[in-house]
Amino acid sequence: MKTDLFDYPLPDALIAQHPAARRDESRLLVVDRKTREIHHHVFRDLPGFLHPGDLIIRNTARVLPARIHAEKTSGGAVECLLLNPTEDGRDWWALLRPGRRLKPGARFGRSGVFLAEVLSKSPTGECLIRFLENRHSTVPALAEAVGVMPLPPYVNRSTPTPADSAEDRERYQTVYARRDRPVAAAAPTAGLHFTPEVDRTLRENGVETGEIILHVGLGTFRPIETDDVESHPMHAETYEIPAETRFQLAVERSGRTLAVGTTSLRALEDFARTTDCRSGPAILRRTDIFIHPPAGFQIVQGLLTNFHLPRSTLLCLIAAFLTPESTEGIGWFKEIYRIAAEKKYRFLSYGDAMLIL
């Protein structure tokens, strides 16, 4: 399957550089897979499309303000983007700029705040670093104190201000993110539209919510660079499914299971394919599953998502979900995206939402 099939024109003017004034004022494009109808709403209308007994699974991971500005001990600015800790928690994988000048043994930090040393480099450019000194109790605490949000590269403001940074601290985070789980290097953007008011209406309407914890990495932004989709080396991500969520997924229900976000859907489908879906203890798994047409789906009947980059693995998943076990979704997603562009929907992380039922 050629990667060009998942390309489409995306004008810069449609890429949202800031969130909507209010989370639930984002627009919501609703796709009915049975009738092929498309409807245009705002996000606060979401509860009207869900039924009593429906179950929404949301990623409750907290985004770490993982971009830390520092200086080399030998002089010169350094930007450190924390990715994830090692299994023992002693060291961290990170992306460093300028990476070529920071060889193993190089040190960087902030006077009186922290000092770190580069231990090694991976073939793909990630650096393993060790914090030799840290005024804060943990590395996540350090990031919360001095870091900034790791916005994706397409959020490119020409003259960022302190007000922008404060806005990002609040808005590049879901309202239900768990403070005890700062494990994500990227926001679960489909969940950015929820508000306490929307949640209250969902509960009043008999809609349940469950959680999944995704250690979303920067690989989610990586485009497919191979000519053929199947040749793409899919990035791996870690996910956690609590015991309570396993129970929710195991019980028979009259309603549907909806995933908030493509990465949540990906994790749920990996869970369904690799694990006994009956109730059981919490699980922690790492998956590199790549869902693209003509994939089928075992556990998810609805998807809430944003509009994604051309030639991305997330777009492959969207095309597959539109028409399971078929390749017809490739042409259909292009038509949906064409309509969204004509209607001036805002695309990507800070953009508008789409509900596929």
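Just above sits the structure.
Residues numbered from 1 in each chain as written. Predicted model: local features only at pLDDT ≥ 70, side-chain atom pairs only at ≥ 80, totals over all residues. Heavy atoms only, no water.

## Description of unusual backbone geometry
Part 1: In this structure, the amide linkage connecting Arg 97 to the following residue, Pro 98, adopts the cis form with an omega of 0°.
Part 2: Within the element layout of this structure, Pro 98 appears in the loop between strand S6 (92-97) and strand S7 (107-110).
Part 3: Unlike most non-glycine residues, Arg 36 shows phi in positive territory, near 65°.
Part 4: Structurally, Arg 36 can be placed in the loop between strand S1 (27-31) and strand S2 (38-42).
Part 5: Despite not being glycine, Arg 311 has its phi angle at roughly 60°, a positive value.
Part 6: Looking at the secondary structure, you find Arg 311 in the loop between strand S14 (302-306) and helix H6 (313-322).
Part 7: Here Arg 311 falls in the partly exposed class, since its relative accessible area comes to 21%. (Helix = DSSP H or I, 4+ residues; strand = E, 2+ residues; numbered from the N terminus. Buried < 20%, exposed > 50% of the residue type's maximum accessible area, 1.4 Å probe, protein only.)

## Some details on helix H7 (residues 328-342)
Part 1: A rise of 1.5 Å per residue sets the reference length of H7, with its 15 residues, at 21 Å; its end C-alpha atoms lie 22 Å apart and thus fit the reference within 8%.
Part 2: Restricting attention to buried positions, one finds in H7 the residues Gly 329, Ile 330, Trp 332, Phe 333, Ile 336, Tyr 337, Ile 339 and Ala 340.
Part 3: Contacts from the buried residues of H7 go to S1, S2, S14, H6 and strand S15 (353-356).
Part 4: In the stretch just after H7, Lys 344 is the one whose phi turns positive, near 65°. (Expected span 1.5 Å × (residues − 1). Contact = heavy atoms within 4.5 Å.)

## Regarding the packing of aromatic side chains
Part 1: Overall, the coordinates contain 14 aromatic pairs when judged by the stated rule.
Part 2: Measuring from ring centre to ring centre gives 6.3 Å for Phe 108 and Phe 114, while their planes differ by 80°; the resulting arrangement is edge-to-face.
Part 3: Its relative accessible area of 0% is what places Phe 108 among the buried residues.
Part 4: The exposure class assigned to Phe 114 is buried, which follows from its relative accessible area of 3%.
Part 5: Between the NZ or CZ atom of Arg 27 and the centre of the ring of Tyr 345, over which it lies, the distance is 3.9 Å.
Part 6: Looking at Arg 58, its charged tip hangs above the ring of Phe 194, at a distance of 4.8 Å from the centre. (Phe/Tyr/Trp six-rings, centres within 6.5 Å; stacked < 30°, edge-to-face > 60°. Lys NZ or Arg CZ within 6 Å of the ring centre and 35° of its normal.)

## Quick word on the sheet that holds strand S3 (residues 55-59)
Part 1: With mixed pairing, 9 strands are arranged side by side in an open sheet as S2-S1-S15-S14-S12-S3-S10-S11-S13. Looking at strand neighbours, the two that pair on one side only are S2 and strand S13 (283-287), the edges of this open sheet. On average, each strand axis in the sheet is tilted by 25° relative to the strand beside it, whichever way the strands run.
Part 2: Here S1 runs beside S2; their pairing, made up of 5 bridges, is antiparallel. (Pairing = 2+ DSSP bridges. Axes fitted to C-alpha atoms, helices over the stretch in contact; angles between N-to-C directions.)

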